[in-house]
Amino acid sequence: MSVYIADYDKALYFTLWGQWDDLLILMVRTKDDFLSKKIETFLHAYHYSPEDDQVVTSHQSLMQYIDHAMIHLPPSELVEQG
């Protein structure tokens, strides 16, 4: 699996600055299915959840996944060669 490291950078930036429209576009365009699902879960909780705990939990889960992906995947898997 090869994904662009820029996807993680963008996800982090959009999440931290509250750019939900851009985050939604990234969710659709990324090739990382796990990142897409984490973004979907967070945006759904943010817009529709009556409980703040669900929003916080999904936000933490998204941020932890981004952190994990940026640290633990070898650079050869993060950047598509071509």
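Keep in mind that this is a model prediction, so the values were computed, not measured. Along each chain, the written sequence defines residue order, and numbers are assigned to residues from 1. Local features in a predicted model are, by the rule used here, given only for residues with pLDDT of at least 70; side-chain atom pairs are given and counted only at 80 or more, and totals for whole chains, interfaces and linings are based on all residues. With hydrogens and water stripped out, all remaining heavy atoms of the structure feed into the side-chain values.

(A) Summary view of a nonpolar patch on the surface. Only residues whose relative accessible area exceeds 30% and that form no salt bridge enter a patch; like-charged residues are grouped when within 9 Å of one another, and nonpolar side chains (Val, Leu, Ile, Met, Phe, Trp, Tyr) when within 5 Å. Only the protein chains shown count as cover for residues, with accessible areas throughout obtained via the Shrake-Rupley method and a probe of 1.4 Å. A pairing counts as a salt bridge when a side-chain nitrogen of Lys or Arg comes within 4 Å of a carboxyl oxygen of Asp or Glu. On the surface, L12, Y13, L16 and W17 cluster together into a nonpolar patch covering about 460 Å² of accessible area. Working definition: helices are DSSP H or I runs of at least four residues, strands are E runs of at least two. Numbering for both runs from the N terminus. Residue placement: L16 occurs in helix α1 (residues 5-17). Under the relative-accessibility criterion, L16 is labelled exposed at 53%. Three labels apply to residues, based on accessible area from a 1.4 Å probe with only protein chains included: buried if under 20% of the type maximum, exposed if over 50%, partly exposed otherwise in between.

(B) The packing of aromatic side chains, seen in detail. For this analysis, a ring pair means two rings from Phe, Tyr or Trp (six-membered ring only for Trp) whose centres lie within 6.5 Å, classed as stacked if their planes differ by under 30 degrees, edge-to-face if by over 60, and tilted for the remaining angles. Tallied over the full model, the rule gives six aromatic pairs. Judged by centre distance (6.5 Å) and plane angle (45 degrees), the ring pair of Y13 and W17 falls under tilted. Note that Y13 and W17 are positioned in helix α1 at a spacing of four residues, about one turn of the helix. Between W20 and Y46, the aromatic rings sit 4.8 Å apart at their centres with planes inclined by 55 degrees, giving tilted as the arrangement. Of the two residues, W20 is situated in helix α2 (residues 20-29) and Y46 in helix α3 (residues 33-48); the sequence distance between them amounts to 26 residues. Using a relative accessible area of 18% as the deciding quantity, one classes W20 as buried. The exposure class assigned to Y46 is partly exposed, which follows from its relative accessible area of 39%. Pairwise contacts between aromatic rings join Y13, F14 and W17 into one cluster.

(C) Expanded view of the layout of surface pockets. The pocket and cavity definitions rest on a 1 Å grid over protein atoms only: a 1.4 Å probe that fits but cannot leave marks a cavity, an open set with protein on both sides within 12 Å along at least five of seven lines marks a pocket, and residues lining either have an atom within 4 Å of a point. Grid points are joined across faces, edges and corners, and a volume is the space filled by probe spheres set on the points. Volume-wise, the largest pocket comes out at about 160 Å³. In terms of lining residues, the largest pocket is bounded by ten residues, among which D7, K10, I25, L26 and R29 are the most central. Residue polarity is assigned by list, with Asp, Glu, Lys and Arg as charged and Ala, Val, Leu, Ile, Met, Phe, Trp, Tyr, Cys and Pro as nonpolar; anything else, Gly included, falls into the polar class. The residue makeup of the lining of the largest pocket, split by class, is four nonpolar, one polar and five charged.

(D) Broad picture of the packing of α2 against α3. Note on method: axes are straight lines fitted to C-alpha atoms, helices fitted across the in-contact stretch only, with angles between N-to-C directions ranging 0 to 180 degrees. Between α2 and α3, whose axes approach to 9 Å, the crossing angle comes to 145 degrees. Considering how the two elements wind past one another, α2 and α3 form a crossing that is left-handed. Listed contacts from α3 to W20, L23, L24, L26 and M27 of α2 are S36, I39, E40, F42, L43, Y46 and H47. Taken together, the residues of the contact of α2 with α3 break down into nine nonpolar, two polar and one charged. Each helix crossing is assigned a hand: it is left-handed if the near helix lies turned anticlockwise from the far helix by less than a right angle, otherwise right-handed if that turn is clockwise. The criterion used for residue contact is that any of the two residues' heavy atoms lie within 4.5 Å.

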